[in-house]
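# Fold and geometry: a report
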Amino acid sequence: MISSAFLPIGLGLFGLFAAFLVFLNIKSAPAGEGKLKEIADAIHLGAMVFMNAEYKRLAIFCVICISAIWMSELGQNTALAFLLGAICSGSAGYWGMYTATHANVRTAVAANTKGAADALNIAFFGGSIMGLTVASMGLFGIGILYYFFAGDPHTIHAIEGFAMGASSVALFSRVGGGIFTKSADVGADLVGKVEAGIPEDDPRNPGVIADNVGDNVGDVAGMGSDIFESYCGAMIATMALAATMTSTKIFDLAPIGGKDILTFMPLALASVGLICSMLGIYSVKLFSSKSPEIALRIGTMGSSILFIVAAYILVKELGASINVWVAVLTGAVGGIIIGLVTEYYTGGPPIKKIAGGGETGPATVMITGLAVGMESVAIPVITICAIIFTSSYFADLYGVGIAAVGMLSTVGITMAIDAYGPVADNAGGIAEMAKLGKETRQITDSLDEVGNTTAAIGKGFAIGAAALAALALISAYIEKVSLGNEDFILRINDPLVLSGMFLGAIFPYLVSSITMTAVGDAAFDMIKEIRRQFKEIPGLMEGTGKPDTARCVDIATRAALRRMILPGSLAVLAPVVVGFGLGPQALGGMLGGALICCVMMALMMANAGGAWDNAKKYVEKGHLGGKGSDVHKAAVVGDTVGDPLKDTSGPSMNILINVMAIVSLVIAPLLV
């Protein structure tokens, strides 16, 4: 099977080449001139300045981790894998964001000159570069490590370093980008909409450029690295589970190829998934003349159905048991269910109920939104339970890992649709600031509306995928420790295990508090600055003065870079301290407690935030008094509370549990 590694490596390179061709196609579209170019350049420059500063700090952290791994018993192979994982994750996020900041202005120009279909194509293909890059970089990086290390049982564990490197970069990118985007968004909304009574993305508002920059660094680069680490973590966890399986279990699942087939299966499924994603991306272009919602849904559902069929053929051709395909099927179907449930709670009847609460003020908007968020946890968690039970029934613990791979294999189209949202949102902001007219804004608003729904679905999908990937990593940790210590059992009545569970439950709350506080403090500085400019810059409110947008970008940048260090350090150091301080049993309990709390909090925060956001947009369409009404002001308050929940603290939960799980898996040999 080692020679088969050339397939994912080759497909990874092909995917990157396809992403480059799409980028060249987007670059060939008109980018506007004058005011349009000035606004687009400011957004692009702000995003690149932030990413460069963030990656410099990330490089220092990675060097420290690589040095520690190299000098430990884990050795140089794991250290090199960590380096490759960090490079691949960072490159995927950087490249995706770079292209998104070129696609946004071209989407606005296309909406102004050509119409909705062309605007949809540019926005979607701008996001598809992120999707293709995430899938391709994961296949390429893991394929290389599989080729060099998978043939020897003494070196295969080094591949786990790749997931640790990817997760470390993802946590800092997601937290840093989330703090940036929401501090700018909250500040711009509260002063602009509520206090000054001016529209969203009004060029008089000094915070709007920072807000648009934040969409790219948080929702494109941050989300890309988030999905990337779950994608890679699921594949690597499944490989680790295959490496620790008994001969009897291996024969049951792969009577012909044995362990080699089961180890290679995640890469093979991801390779097929990339092809299905490419076909799904192309199908969006074919149906772009229809409504954006229909085109995007055809692309997503079509890719998933095609992957399920292709996975069946692949499993049969490789000589594995049909039970492996059943586990893949449960993961793929479970991902669709979680996405649809998320769509209902963030874009269906619940948002009308939240908006209606605004008739009695912000308090009832908050109460209703929290209730919706809490209720939305039930069905996704039951779905995750069903996936775990069904996949493990048919394929033991290996089935849980392969179900996670099944859910994430079409990440190319999933991430493309998620990244499309910020591109469309930016296009609307640019159209408003450049005063392209009401008809253009209506087109960009229709794209943005669909983008909000796809972003919410993407967040729900990311949470479900992260939960399964983390569970697979935790299972691999338990199996690895059990190999070195036959007496290792996690009993809930063991004081060490029980204490570890409570310790693990602390971290989701602590990290959420840190990130929420960071957004609140940065937003406070942003609000003061915007108020100062409205007061001190002559003619700003009248439209004759020019706002100092660079100052607002600088405030958000400094806040994000300063506040992202502590959450990232906690996630990496906690397993090390607990594992070496209290032992592997306590660490196992900690991972279990953290997993449950992270999933619950992530779902509640993401769905409540998404529902508040769309409730505000529902009012802005003219319902319940429309823009400027008391109901609208109440809905804006709900949205500003929901923003850091859905885009900062909520998403950080996905990466938090995966970082803790992969660090535990990597250090497992040292604990026994």
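See above for the structure.
Residues numbered from 1 in each chain as written. Predicted model: local features only at pLDDT ≥ 70, side-chain atom pairs only at ≥ 80, totals over all residues. Heavy atoms only, no water.

## Concerning the overall build of the chain
When its secondary structure is counted, the chain shows 20 helices and zero strands. In terms of overall size, the chain behaves like a compact globule, its C-alpha atoms giving a radius of gyration of 24 Å where 672 residues would be expected to give roughly 26 Å. Based on the C-alpha atoms only, the size of the chain along its principal axes is roughly 75 × 50 × 45 Å. Here the chain holds 672 residues, and the buried ones make up 65% of them. Long-range contacts, defined here as pairs at least 24 residues apart, represent 85% of the contacts in the chain between residues at least 6 apart. For the chain, the exposed surface amounts to about 23,000 Å²; the carbon and sulfur share of it is 65%. (Helix = DSSP H or I, 4+ residues; strand = E, 2+ residues; numbered from the N terminus. Rg over C-alpha atoms; globule rule 2.2 N^0.38 Å. Buried < 20%, exposed > 50% of the residue type's maximum accessible area, 1.4 Å probe, protein only. Contact = heavy atoms within 4.5 Å. Areas by Shrake-Rupley, 256 points an atom, 1.4 Å probe, with all protein chains shown as cover.)

## Examining the pattern of salt bridges
Per the stated rule, a full pass over the model turns up 15 salt bridges. For aspartate 639, the salt bridge is made with lysine 616, and the minimal N-O distance between the two is 2.9 Å. One end of the pair, aspartate 639, is in helix 20 (residues 630-671); the other, lysine 616, is in helix 19 (residues 584-620), and 23 residues separate them in sequence. Between aspartate 647 and lysine 646 there is a salt bridge, with its nearest N and O atoms 2.7 Å apart. Using a relative accessible area of 1% as the deciding quantity, one classes aspartate 647 as buried. What emerges from the salt-bridge pattern is a single network uniting Asp613, Lys616, Lys617, Asp639, Asp643, Lys646 and Asp647. (Salt bridge = Lys/Arg side-chain N within 4 Å of Asp/Glu carboxyl O.)

## Points about the side chain of aspartate 647
Of note, aspartate 647 is situated in helix 20. There is a polar contact of 2.7 Å between the side chain of aspartate 647 and the side chain of lysine 646. (Polar contact = N/O pair within 3.5 Å; in protein donor to acceptor, adjacent residues only side chain to side chain.)

## Focus on the side chain of serine 475
Structurally, the position occupied by serine 475 is in helix 15 (residues 438-484). Within polar-contact distance, the side chain of serine 475 engages the backbone oxygen of leucine 471 at 2.8 Å. Ignoring any residue separated from it by four or fewer positions in sequence, one finds serine 475 in contact with Leu241 and Leu397.

## Topic: the environment of serine 167
With respect to the helices and strands, the residue serine 167 is situated in helix 5 (residues 160-196). Exposure remark for serine 167: the relative accessible area of 2% places this residue in the buried category. Expressed as a C-alpha distance, the spacing of serine 167 and threonine 342, which sit 175 residues apart in the sequence, is 25 Å. Serine 167 has contacts with Glu229, Ile655, Asn658, Val659 and Ile662, leaving out every residue within four places of it along the chain.

## Comments concerning helix 11 (residues 349-357)
Every buried residue belonging to helix 11 is among Pro350, Ile351, Ile354, Ala355 and Gly357, and all of these are buried. Buried residues in helix 11, looked at end-on, bunch into an arc of 150°, giving them a common side. (Arc of directions from axis to C-beta.)

## Some thoughts on the state of the cysteines
In total, this model carries zero disulfides according to the counting rule given. Among the cysteines around cysteine 385, which has no disulfide bond, cysteine 597 carries the closest sulfur, lying 14 Å off. Note on cysteine 597: no disulfide assigned, nearest cysteine sulfur contributed by cysteine 598 at a separation of 7.3 Å. Given the relative accessible area of 18%, cysteine 597 is considered buried. (Disulfide = S-S within 2.5 Å.)

## Some words on the packing of aromatic side chains
Across all of its chains, the model carries 15 aromatic pairs by this definition. Pairing tyrosine 312 with tryptophan 325 gives two aromatic rings, centres 5.2 Å apart and planes at 80°, and the pair type is edge-to-face. Placement of the pair is tyrosine 312 in helix 9 (residues 292-318) and tryptophan 325 in helix 10 (residues 322-347), with a sequence separation of 13 residues. One aromatic cluster is present, formed by Phe6, Tyr147 and Phe148 through successive ring pairs. (Phe/Tyr/Trp six-rings, centres within 6.5 Å; stacked < 30°, edge-to-face > 60°.)

## Looking at the nonpolar core
Phe124 and Met265 are the most contacted members of the largest nonpolar core, which has 241 residues in total. In contact with methionine 265, not counting residues within four places along its chain, are Val315, Leu318, Ala320, Val324, Tyr398 and Ile402. (Core = buried A, V, L, I, M, F, W, Y, C linked by side-chain atoms within 4.5 Å.)

## Here we look at the packing of helix 2 (residues 35-71) against helix 6 (residues 208-243)
Following both chains from N to C, one finds helix 2 and helix 6 inclined at 50°, their axes separated by 9 Å at the closest point. Put simply, helix 2 runs oblique to helix 6. Regarding helix 2 and helix 6, the two cross each other, and that crossing is right-handed. Between helix 2 and helix 6, the residues in contact are Ile39, Ala42, Ile43, Gly46, Ala47, Phe50 and Met51 and Ile209, Asn212, Val213, Asn216, Val217 and Ala221, respectively. (Axes fitted to C-alpha atoms, helices over the stretch in contact; angles between N-to-C directions. Parallel < 35°, antiparallel > 145°, perpendicular 65-115°, else oblique. Left-handed = near helix turned anticlockwise from the far one by under 90°.)

## Describing unusual backbone geometry
With phi around 60°, aspartate 396 is a residue other than glycine that occupies positive phi space. As for its position among the elements, aspartate 396 is in helix 13 (residues 378-408). Judged by relative accessible area, which is 32%, aspartate 396 ranks as partly exposed. In this structure, leucine 624 takes a positive phi of about 55° despite not being glycine. Locating leucine 624 in the fold gives a position in the loop between helix 19 and helix 20. Taking relative accessible area as the criterion, leucine 624 reaches 32% and is therefore assigned partly exposed.

No statement about biological role is implied by the geometric values presented.
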